[in-house]
Amino acid sequence: MRARLCIPPLLCLCVDAVPALAQPAQAASTFTLRDGTVDLAVPESPAFSALGLTPEQVSRPTTVRELATSFLNGIDRAGHLQTGVAIDAAPYMLLAGPKITLESYRTGPYLTRFLARWQVSFASAKGGGADDPSAKLALGLRFTVFDRGDPRMDPVLVDCLAREAGRVLNASDPIPPFASDEEKATLLAQREERTRVAAKPCREAAAKRRWNRSGWIAGAAPTWTSADGTTADIDYSGTAVWTSIGYGFERVPVLEDHAMLAFYLKGRTREIVPDAFNDGAFVTQDNVTTGVRFVAGGSSSQFNVELLRLDNDRPDGREDRYWNLGIGLEQRLIDNTWLNLSFGRQLARDTSGQFSVIGAFNWGFGPRK
Amino acid sequence: MSPIEEIVLEAAKGQPTVEIMFGQAHIGNYRFFLWDEAGQNARELAQGTNADEVVDTFQMDVAAATLNRRILSFEGLVQAAEARADNVYSLTVTVRQDGVVCQGGVIQDTGGFVDVKALLAFKRFRTT
């Protein structure tokens, strides 16, 4: 089983958890409650998610040259796709980042912020078995349409961080030009640590202010598959799309500090998944998942209620649609370690065409990334 | 110990101006010192942050002709509003005389960081 941890305002992720106490399914049903969770949040790297990857090493180039090199490394001289390539980049910041000042970001046109938050990811993965030479590719795009929780736009946070850094600098003696490199490195590291400690209250207070701010994020990831693993044999193999809209009840007394309402939409075309009606078989289908989630609490304790609708468009026309209702509690234990408790119930048609209700209880703990 | 690179000034031109720009929309604090030829007797020239509304450009209060062999030091702290493992910082310091960028008058630094990065740079003036 896996338990889901949700990062306010919109990001959710799954972490390994102990086995859940799931109720047994109805005898005639082949359905299982998907751990009581369907991760609908727009992933940080849509390309990785579209291919079902959680790469251990992601190339995050800081210059255009590094970006080009990373892409070139994805294809060998014979035109074979290299598997395991994972690149994540913010193109506009790569190109124009050195000239984007805090002021231009905060007071410039909306387009500056939109482009600065735009992310691109690229991933490739090898086919299933040892005798399967196929390779899959995905190109992911992620846009933040608006984000009222953008920390750069938080004047209290920015002023606090600048004030504390100024104090650290003013309390430090100037570093002499002819100090040894080791001495300079030590003094700089000390300044960083002092600043980090001084800035911690600024960041914690900002996290409390921002946890439920409104925002809208969208992502898309078209995928391609090459049967023989070469660039000459690539075929389109479906697209995944996500969007999440969070409403933080700004200017609504009480709710603006303690509640959030989020809407999710996730779709995938041509997805190859295990056939819910035939054990061991796979089916290629389109699917759409929509959901709404209400979160109440604060930056360290949150209660949530979630209602999802899942529609699977099967090629055989068989009905595969169901609702999923879940409730959960998340509690920050220490620093970035959270305890998650959730209970979900699924209402669906079983193989005999009757509605069945399946419930599952999950718990787990781990970091929010 | 790393060698100190030079900024070439023209004695007949005006007092140098220094412009500081922190890129990637990060928060930056800075201060500048002027040292004697031996790297002693520091005097603070300016300090500031890009988080206020004050322009991050200052004019040195010393004539170019008297700066020969003296050392300029830059100290900065860059902070990301949101700590992330893949944050990138970039800094550009530009020294001009009469609006023209001096030879060797650009300090650029870029790299990765998480939440805070301390920066340091030195330049030695040479007046012609």
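Rules of the game
Residues numbered from 1 in each chain as written. Chains lettered and ligands numbered in written order. Predicted model: local features only at pLDDT ≥ 70, side-chain atom pairs only at ≥ 80, totals over all residues. Heavy atoms only, no water. Helix = DSSP H or I, 4+ residues; strand = E, 2+ residues; numbered from the N terminus. Buried < 20%, exposed > 50% of the residue type's maximum accessible area, 1.4 Å probe, protein only. Contact = heavy atoms within 4.5 Å. Core = buried A, V, L, I, M, F, W, Y, C linked by side-chain atoms within 4.5 Å. Salt bridge = Lys/Arg side-chain N within 4 Å of Asp/Glu carboxyl O. Buried area = accessible area lost by both parts, 1.4 Å probe. Polar contact = N/O pair within 3.5 Å; in protein donor to acceptor, adjacent residues only side chain to side chain. Nonpolar A, V, L, I, M, F, W, Y, C, P; charged D, E, K, R; others polar. Phe/Tyr/Trp six-rings, centres within 6.5 Å; stacked < 30°, edge-to-face > 60°. Disulfide = S-S within 2.5 Å. Pairing = 2+ DSSP bridges. pLDDT = per-residue confidence, 0-100. Expected span 1.5 Å × (residues − 1). Bend = angle between axes of the 7 residues up to and from the residue.

1. Details of the overall build of chain A
At step 1: What chain A contains, in helices and strands, is 8 helices and 13 strands.
At step 2: Among the 369 residues that make up chain A, the fraction classed as buried is 45%.
At step 3: Here the analysis covers contacts within chain A between residues at least 6 apart in sequence; of these, 62% occur between residues at least 24 apart.

2. Some thoughts on the nonpolar core
At step 1: Ranked by internal contacts, the top residues of the largest apolar core, which has 29 residues, are Ile 20, Phe 32 and Phe 74 of chain B.
At step 2: Counting residues per element, the ones that place at least two in this core are β1 (5-9), β2 (17-22), β3 (27-35), β4 (43-49), β6 (71-79), β7 (87-97), β8 (100-113) and β9 (116-127) of chain B.
At step 3: The dominant element in this core, judged by the number of residues it contributes, is β7 of chain B, at 4 residues.
At step 4: If near-sequence neighbours (up to four positions away) are discounted, Phe 74 of chain B is found in contact with Ile 20, Phe 22, Tyr 30, Arg 31, Phe 32, Leu 91, Val 93, Leu 119, Leu 120 and Ala 121 of chain B.
At step 5: Grouped together as the second largest cluster of nonpolar side chains are 13 residues, Val 42, Ala 50, Ala 123 and Ala 240 of chain A included.

3. Remarks on the pattern of salt bridges
Residues and elements named next belong to chain A.
At step 1: Within the structure shown, the criterion is met by 22 salt bridges over all chains.
At step 2: Across the pair Arg 196 and Glu 193 runs a salt bridge, and its minimum N-O distance is 2.9 Å. Placement of both Arg 196 and Glu 193 in helix α7 (residues 181-210) is noted, with a separation of 3 residues, approximately one turn of the helix.
At step 3: The closest approach of N and O atoms between Arg 314 and Asp 275, which form a salt bridge, is 2.9 Å. Placement of Arg 314 in the loop between β10 (301-313) and β11 (321-334) and of Asp 275 in the loop between β8 (259-274) and β9 (282-297) is noted, with a sequence separation of 39 residues between them.
At step 4: Classification of Arg 314 by relative accessible area gives buried; the value is 5%.
At step 5: Connected through shared salt-bridge partners, Arg 163, Glu 164 and Arg 167 make up one network.

4. Some thoughts on the interface of chain B and chain A
At step 1: The interface is formed by 43 residues belonging to chain B together with 41 residues belonging to chain A.
At step 2: Approximately 3600 Å² of surface area, both sides summed, lies buried where chain B meets chain A, with 60% of it carried by carbon and sulfur atoms.
At step 3: Our enumeration of links across chain B and chain A arrives at 2 salt bridges.
At step 4: The closest approach of N and O atoms between Asp 115 of chain B and Arg 196 of chain A, which form a salt bridge, is 2.8 Å.
At step 5: Across the contact surface, chain B and chain A share 16 residue pairs in polar contact (both at pLDDT 80 or more).
At step 6: For the side of chain B that touches chain A, the secondary-structure elements that each account for two or more residues are β2, β3, β4, β6, β7 and β9 of chain B.
At step 7: In terms of residues, the side of chain B that touches chain A owes the most to one element, β9 of chain B, which gives 7 residues.
At step 8: Broken down by class, the residue content of the side of chain B that touches chain A amounts to 23 nonpolar, 11 polar and 9 charged.

5. Concerning the packing of aromatic side chains
At step 1: Across all of its chains, the model carries 10 aromatic pairs over all chains by this definition.
At step 2: Between Trp 118 of chain A and Phe 143 of chain A, the ring centres sit 6.3 Å apart and the planes meet at 5°, which makes this aromatic pair stacked. Linking Trp 118 of chain A in the loop between α5 (110-117) and β4 (119-126) with Phe 143 of chain A in strand β5 (residues 135-147), this pair joins segments that are 25 residues apart in sequence.
At step 3: You can call Trp 118 of chain A partly exposed: its relative accessible area is 24%.
At step 4: Pairwise contacts between aromatic rings join Phe 22, Tyr 30, Phe 32, Phe 58 and Phe 74 of chain B into one cluster.

6. Remarks on the state of the cysteines
Residues and elements named next belong to chain A.
At step 1: Applying the stated criterion across every chain yields a total of 1 disulfide over all chains.
At step 2: Between the sulfur atoms of Cys 160 and its disulfide mate Cys 202 the distance is 2.0 Å. Disulfide Cys 160-Cys 202: the torsion about the S-S bond is -65°, which places it as left-handed. Linking Cys 160 in helix α6 (residues 155-170) with Cys 202 in helix α7, this pair joins segments that are 42 residues apart in sequence. Neither Cys 160 nor Cys 202 differs from the other in exposure class; each is buried.

7. Details of the pairing of β2 of chain B
Residues and elements named next belong to chain B.
At step 1: Along β2, the buried face is formed by Val 18, Ile 20 and Phe 22; none of Thr 17, Glu 19 and Met 21, which line the opposite face, is buried.
At step 2: For β2 and β7, the ladder comprises 6 bridges, and the chain directions are antiparallel. The residue of β7 that forms the bridge with Glu 19 is Thr 94.

8. Re the pairing of strand β7 (residues 234-247) of chain A
At step 1: As paired elements, strand β6 (residues 215-226) of chain A and β7 of chain A share 11 bridges and run antiparallel to each other. Bridging across to β7 of chain A, Ala 220 of chain A finds its partner in Val 241 of chain A.

9. Overview of unusual backbone geometry
At step 1: One non-glycine residue, Phe 249 of chain A, lies in the positive phi region at around 55°.
At step 2: Relative to the assigned elements, Phe 249 of chain A resides in the loop between β7 and α8 (255-258).
At step 3: For Arg 69 of chain B, which is not glycine, the phi torsion reads 75° and is therefore positive.
At step 4: Its place among the elements puts Arg 69 of chain B in the loop between β5 (57-59) and β6.

10. Overview of the confidence of the model for chain A
Residues and elements named next belong to chain A.
At step 1: Per-residue pLDDT for chain A averages 79, and the proportion of residues at 70 or more is 74%.
At step 2: By mean pLDDT, strand β2 (residues 11-16) is the weakest element of chain A at 32, and α6 is the strongest at 97.
At step 3: Note on residues 1-37: pLDDT is under 50 here. Beyond four places in sequence and across chains, it has 125 contacts.

11. Notes on α7 of chain A
At step 1: The terminal C-alpha atoms of α7 of chain A lie 40 Å apart, and with 30 residues this matches the ideal 44 Å at 1.5 Å per residue to within 8%.
At step 2: Approximately 40° is the largest bend angle found in α7 of chain A, and it occurs at Ala 199 of chain A, with the proline Pro 201 of chain A only one to four residues beyond.
At step 3: Those residues of α7 of chain A that sit buried are Lys 184, Leu 188, Arg 191, Glu 192, Thr 195, Ala 199, Cys 202, Arg 203, Ala 206 and Arg 210 of chain A.
At step 4: Packing partners of the buried residues in α7 of chain A comprise α6 of chain A together with β3, β6 and β9 of chain B.

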